[in-house]
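# Descriptive structure summary
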Amino acid sequence: LAKTTQPISMDSYEGQEVNITCSHNNIATNDYITWYQQFPSQGPRFIIQGYKTKVTNEVASLFIPADRKSSTLSLPRVSLSDTAVYYCLVGDIGLTGGGNKLTFGTGTQLKVEL
Amino acid sequence: ETGVTQTPRHLVMGMTNKKSLKCEQHLGHNAMYWYKQSAKKPLELMFVYSLEERVENNSVPSRFSPECPNSSHLFLHLHTLQPEDSALYLCASSPGGNSYEQYFGPGTRLTVT
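Anyway, here's the lowdown on the structure attached to this text.

### Describing the state of the cysteines
Scanning the model with the defined rule gives 2 disulfides over all chains in all. With a sulfur-sulfur separation of 2.2 Å, Cys-22 of chain A is cross-linked through a disulfide to Cys-88 of chain A. Torsion about the S-S bond of the Cys-22 of chain A and Cys-88 of chain A cystine: about -80°, corresponding to left-handed handedness. Of the two residues, Cys-22 of chain A is situated in strand β2 (residues 18-23) and Cys-88 of chain A in strand β8 (residues 84-90); the sequence distance between them amounts to 66 residues. The exposure classification of Cys-22 of chain A matches that of Cys-88 of chain A, with both residues buried. The residue that forms a disulfide with Cys-23 of chain B is Cys-91 of chain B, at a sulfur-sulfur distance of 1.9 Å. Torsion about the S-S bond of the Cys-23 of chain B and Cys-91 of chain B cystine: about -70°, corresponding to left-handed handedness. With a gap of 68 residues between them, Cys-23 of chain B in strand β3 (residues 18-25) and Cys-91 of chain B in strand β9 (residues 87-94) connect regions that are remote in the sequence. The thiol of Cys-68 of chain B is unpaired, and the distance to the nearest cysteine sulfur, on Cys-91 of chain B, comes to 9.1 Å. For Cys-68 of chain B, a relative accessible area of 11% corresponds to the buried category.

### Topic: the pattern of salt bridges
If charged atoms from side chains of opposite charge come close, those side chains can pair. The tally for this structure, following the rule as stated, stands at 2 salt bridges over all chains. In this structure, Glu-113 of chain A engages Lys-111 of chain A in a salt bridge whose closest nitrogen and oxygen atoms are separated by 3.9 Å. The residue Asp-85 of chain B makes a salt bridge to Arg-63 of chain B at a minimum N-O spacing of 2.7 Å. Here the residue Asp-85 of chain B occupies a position in the loop between β8 (73-79) and β9, and Arg-63 of chain B occupies one in the loop between β6 (53-57) and β7 (64-70), the gap between them amounting to 22 residues. Residue class for Asp-85 of chain B comes out buried when judged on its relative accessible area of 2%.

Scoring rules and cut-offs
- Residues numbered from 1 in each chain as written.
- Chains lettered and ligands numbered in written order.
- Predicted model: local features only at pLDDT ≥ 70, side-chain atom pairs only at ≥ 80, totals over all residues.
- Heavy atoms only, no water.
- Disulfide = S-S within 2.5 Å.
- Helix = DSSP H or I, 4+ residues; strand = E, 2+ residues; numbered from the N terminus.
- Buried < 20%, exposed > 50% of the residue type's maximum accessible area, 1.4 Å probe, protein only.
- Salt bridge = Lys/Arg side-chain N within 4 Å of Asp/Glu carboxyl O.

In structure tokens form, the structure reads like this:
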């Protein structure tokens, strides 16, 4: 399994762009990069997934350099409600018959203030 | 609305009790999962079911017994638990294939006394 490293915590203010970088030096050729968000006492919520270059959806953007050894989750104009833990995961192989095995790390606690 | 429901949301049980957690997904997914999240610890994958067959068991103690009667329902049977088993138990489902997107339920907050 590819190991990921991300900052333990980050602070920001409302309206700012937040970039959370994740290192995954031993990512495998077939691995995808996935980000989840988790609020206290709730299950994680899928944010975005990518393989290379840039992926954008209505919530965030994901930037992946050519060597794929890192990735950056970009949250535009954060608000107080974006205060949560953000997890970077590197996708494991798909299991026989479907399903997959995700390994969550400790994540990055983002705190957004006024 | 995640499409994944869990009951009960909160459970307090003694160490000699037997209880079951229930998970139901309304998304037509092929795979379902049980995770454990203890205070200030990462989520730990406990079990994975794909097409109703268990394909992954991360060395979970036998006092936790999963059951997947069909692709929409998943149970976690609990017996003779320990206080250290107190945690948030999360159920998730995914479409299968090569999608890494999992949909999580709200969780069951379990307290073992």
